[in-house]
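Structural features, examined
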Amino acid sequence: MTEKQKSQGRDQDKARSEQMVHELVQRIDSHPGDVDAYYELATVLVDLNSFAQAEELLMKALGVFAAQPAAVEKLHYGLGNVYYAAQDYTKAIAEFDQLGTQLKGAGYLMMAQSYMASGDHKRALVFGLTALNSQPKDVATLQVVAENLLALGNMAQAAQYYDQVLALDDHNGRANFDRGLVAMVQGENYGPYFKVAKALDPQYFEKGQKKLVDIERFIQTQKKQKNETKE
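Quick notes on the rules
- Residues numbered from 1 in each chain as written.
- Predicted model: local features only at pLDDT ≥ 70, side-chain atom pairs only at ≥ 80, totals over all residues.
- Heavy atoms only, no water.
- 1 Å grid on protein atoms, 1.4 Å probe; cavity = no way out; pocket = protein on both sides within 12 Å on 5 of 7 lines; lining within 4 Å.
- Points joined across faces, edges and corners; volume = space filled by probe spheres on them.
- Helix = DSSP H or I, 4+ residues; strand = E, 2+ residues; numbered from the N terminus.
- Nonpolar A, V, L, I, M, F, W, Y, C, P; charged D, E, K, R; others polar.
- Buried < 20%, exposed > 50% of the residue type's maximum accessible area, 1.4 Å probe, protein only.
- Contact = heavy atoms within 4.5 Å.
- Expected span 1.5 Å × (residues − 1).
- Phe/Tyr/Trp six-rings, centres within 6.5 Å; stacked < 30°, edge-to-face > 60°.

**A word on the layout of surface pockets**
Empty space within the largest pocket amounts to approximately 400 Å³. Residue lining of the largest pocket: 18 residues in total, with Glu147, Leu150, Ala151, Leu181 and Lys211 positioned closest to the centre. Listing elements by their share of the lining of the largest pocket, those giving two or more residues are helix 8 (139-151), helix 10 (173-186) and helix 13 (209-230). Of all the elements, helix 8 adds the most residues to the lining of the largest pocket, at six residues. Its residues assigned to classes, the lining of the largest pocket shows 10 nonpolar, three polar and five charged. The volume enclosed by the second largest pocket comes to roughly 200 Å³. The wall of the second largest pocket is formed by Val21, Val25, Ile28, Asp29, Tyr38, Leu41, Leu45, Gln53, Glu56, Leu57 and Lys60. Mapped onto the lining of the second largest pocket, the elements with two or more residues apiece are helix 1 (3-30), helix 2 (35-47) and helix 3 (51-64). For the lining of the second largest pocket, a count of residues per class yields seven nonpolar, one polar and three charged.

**Considerations on unusual backbone geometry**
Despite not being glycine, Asn49 shows a phi value in the positive range, around 65°. Using a relative accessible area of 56% as the deciding quantity, one classes Asn49 as exposed. Of note in this structure, Gln87 is not a glycine but carries a positive phi near 65°. With respect to the helices and strands, the residue Gln87 is situated in the loop between helix 4 (69-85) and helix 5 (89-96). For Gln87, a relative accessible area of 59% gives the class exposed.

**So, the environment of Tyr108**
If you trace the backbone, Tyr108 turns up in helix 6 (residues 104-117). Residue class for Tyr108 comes out partly exposed when judged on its relative accessible area of 22%. Sequence separation of Tyr108 and Leu132 is 24 residues, and the distance between their C-alpha atoms is 8.8 Å. The contacts of Tyr108, once residues within four sequence positions are left out, are Phe127, Thr130 and Ala131.

**As for helix 7 (residues 121-134)**
When the terminal C-alpha atoms of helix 7 are compared, their 20 Å separation across 14 residues agrees well with the 20 Å that a helix rising 1.5 Å per residue should span. Turning to helix 7, its buried residues number three or more, namely Ala124, Leu125, Phe127, Gly128, Ala131 and Leu132. In the core, the buried residues of helix 7 are packed alongside helix 6, helix 8 and helix 9 (155-168).

**Some thoughts on the packing of aromatic side chains**
Centre distance and the angle of the planes are the two values used to describe a pair of aromatic rings. Summed over all chains, the structure comprises 10 aromatic pairs. Relative to Phe65, the ring of Tyr38 lies with its centre 5.5 Å away and its plane at 85°, an arrangement referred to as edge-to-face. One end of the pair, Tyr38, is in helix 2; the other, Phe65, is in the loop between helix 3 and helix 4, with 27 residues separating them in the sequence. According to the relative accessible area criterion, Tyr38 is buried, its value standing at 4%. Exposure remark for Phe65: the relative accessible area of 1% places this residue in the buried category. With a centroid separation of 5.7 Å and 90° between ring planes, the pair formed by Phe177 and Tyr204 is classed as edge-to-face. Within this pair, whereas Phe177 is found in helix 10, its partner Tyr204 is found in helix 12 (residues 202-207), the two being separated by 27 residues in sequence.

Pasting the structure below:
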């Protein structure tokens, strides 16, 4: 795909999103009691990187639906997603942390992702495992747990969770690549994982080359330390 084609694709996506904004504004005007319309409009505004507008919309909606607990919970979840997309992870965590039973599992997952994005892998792992209690077969949750275990160097456990991810979604390029990294450290056959990852998600595979270099360096260091100990 050429740069011109990519630019045209982005312009088309933007035009579609702007049309959706127009339609959702009309829907809110004609059905002001439709909480889903507010939520969907905020989602489209996030896609357009209009984070301040999305925040303002949801704050307004929280006032409109203050007497409806289920609607309020959904709006707080939406607001958390706005802050997450805007990379304001402290505010995002505060929103996800106050969710009730209806969205608790999804909220814990987003808290895990927020902590992970801010580099706090230990807390991210705790919330990922907590989310897993209520959604043990959720691919995204399993993958978050696996990625944080990998980041913390817990390779054997990471392998177990990546295997669960791939059992549910074997066309997951990212998980295949990361499972290959784990296999490399574990001294297992990692080639097939990388081959599948390159075919399924070439962009992530290219980005992952730095990880690959870091892992190879780690393995060499481990070997050197073992040899020095033997001597």
